Amino acid sequence: MATLALGAAVEVAAAAPVVWFMPSVATLQVNFNDNVVDTVSRWPRSYGSISETGGRARVPCTTGYAAYARLTSACAESTVGR
């Protein structure tokens, strides 16, 4: 088996830093006083028979599945070019 001698390793570019993006706490605050679940902008990943009643979020305690859900995972955003 033939071997090939390689030259010394050289760094040609530095890696860009990664910044984690999470919504601000202000966007996550909700008072549940309108009795309407906002599944478009506040709780897009919710499922099951969730509801808002009397200023409270309600998730049924049954054998089925239900939850208020905002995000499925954190998002990473590169800072290259900033």
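Residues numbered from 1 in each chain as written. Predicted model: local features only at pLDDT ≥ 70, side-chain atom pairs only at ≥ 80, totals over all residues. Heavy atoms only, no water.

1. A short note on the overall build of the protein chain
Under the convention used in this document: Only DSSP runs of H or I with at least four residues qualify as helices, and only runs of E with at least two residues qualify as strands; both kinds are numbered from the N terminus onward. For the exposure calls, accessible area comes from a 1.4 Å probe over protein chains only, and a residue counts as buried if that area is under 20% of its type's maximum, exposed if over 50%, partly exposed in between. Residue contacts are defined here by distance: any two heavy atoms, one from each residue, within 4.5 Å place the two residues in contact. Throughout, the Shrake-Rupley method with a 1.4 Å probe supplies accessible areas, and for residues the shown protein chains are the sole cover considered.
When helices and strands are counted, the protein chain shows 1 helix and 4 strands. From first element to last, N terminus to C terminus, the protein chain shows the α and β order β-α-β-β-β. The buried share among the 82 residues of the protein chain stands at 10%. Across the protein chain, the fraction of contacts at a sequence separation of at least 24, relative to all contacts at a separation of at least 6, is 43%. About 7,000 Å² of surface is accessible on the protein chain, with carbon and sulfur atoms providing 59% of the total.

2. Considerations on the environment of N31
To be explicit about the condition: Any N or O atom pair separated by 3.5 Å or less is treated as a polar contact, with the protein-specific requirement of one donor-capable and one acceptor-capable atom, and with residues adjacent in sequence counted only for side-chain atom pairs.
Mapped onto the secondary structure, N31 falls in the loop between α1 (25–28) and β2 (51–53). For N31, a relative accessible area of 48% gives the class partly exposed. Separated by 24 residues in the primary sequence, N31 and G55 place their C-alpha atoms 6.2 Å from one another. There is a polar contact of 2.9 Å between the side chain of N31 and the backbone nitrogen of N33.

3. What about the packing of aromatic side chains?
Where we set the bar: When two rings of Phe, Tyr or Trp (its six-membered ring) have centres within 6.5 Å they constitute a pair, described as stacked for plane angles under 30 degrees, edge-to-face for angles over 60, and tilted for the intermediate range.
For the structure shown, the criterion picks out 3 aromatic pairs. Judged by centre distance (6.3 Å) and plane angle (15°), the ring pair of F32 and W43 falls under stacked. Here F32 is found in the loop between α1 and β2, whereas its partner W43 is found in the loop between α1 and β2, with 11 residues between them in sequence. The residues F32 and W43 share a single accessibility class, namely buried. Measuring from ring centre to ring centre gives 5.2 Å for W43 and Y68, while their planes differ by 80°; the resulting arrangement is edge-to-face. Of the two residues, W43 sits in the loop between α1 and β2 while Y68 sits in the loop between β3 (56–58) and β4 (75–78), which places them 25 residues apart along the sequence. Grouping residues by exposure puts W43 and Y68 together as buried. An aromatic cluster of three or more residues is present, and its members are F32, W43 and Y68.

4. Here we look at the confidence of the model for the protein chain
It should be kept in mind that the predicted coordinates are not to be read in detail where pLDDT is low. Spelled out, the test is: pLDDT is a per-residue confidence score from the predictor, ranging from 0 to 100.
Averaged over all residues, the pLDDT of the protein chain equals 76, while 65% of them reach at least 70. Mean pLDDT across the elements of the protein chain ranges from a minimum in β4, with 49, to a maximum in β2, with 92.

5. Observations regarding unusual backbone geometry
One non-glycine residue with positive phi stands out, namely F32, at about 65°. Take F32: its relative accessible area is 15%, and that puts it in the buried class. Positive phi, normally seen in glycine, also occurs at N35, with a value near 60°. Classification of N35 by relative accessible area gives partly exposed; the value is 47%.

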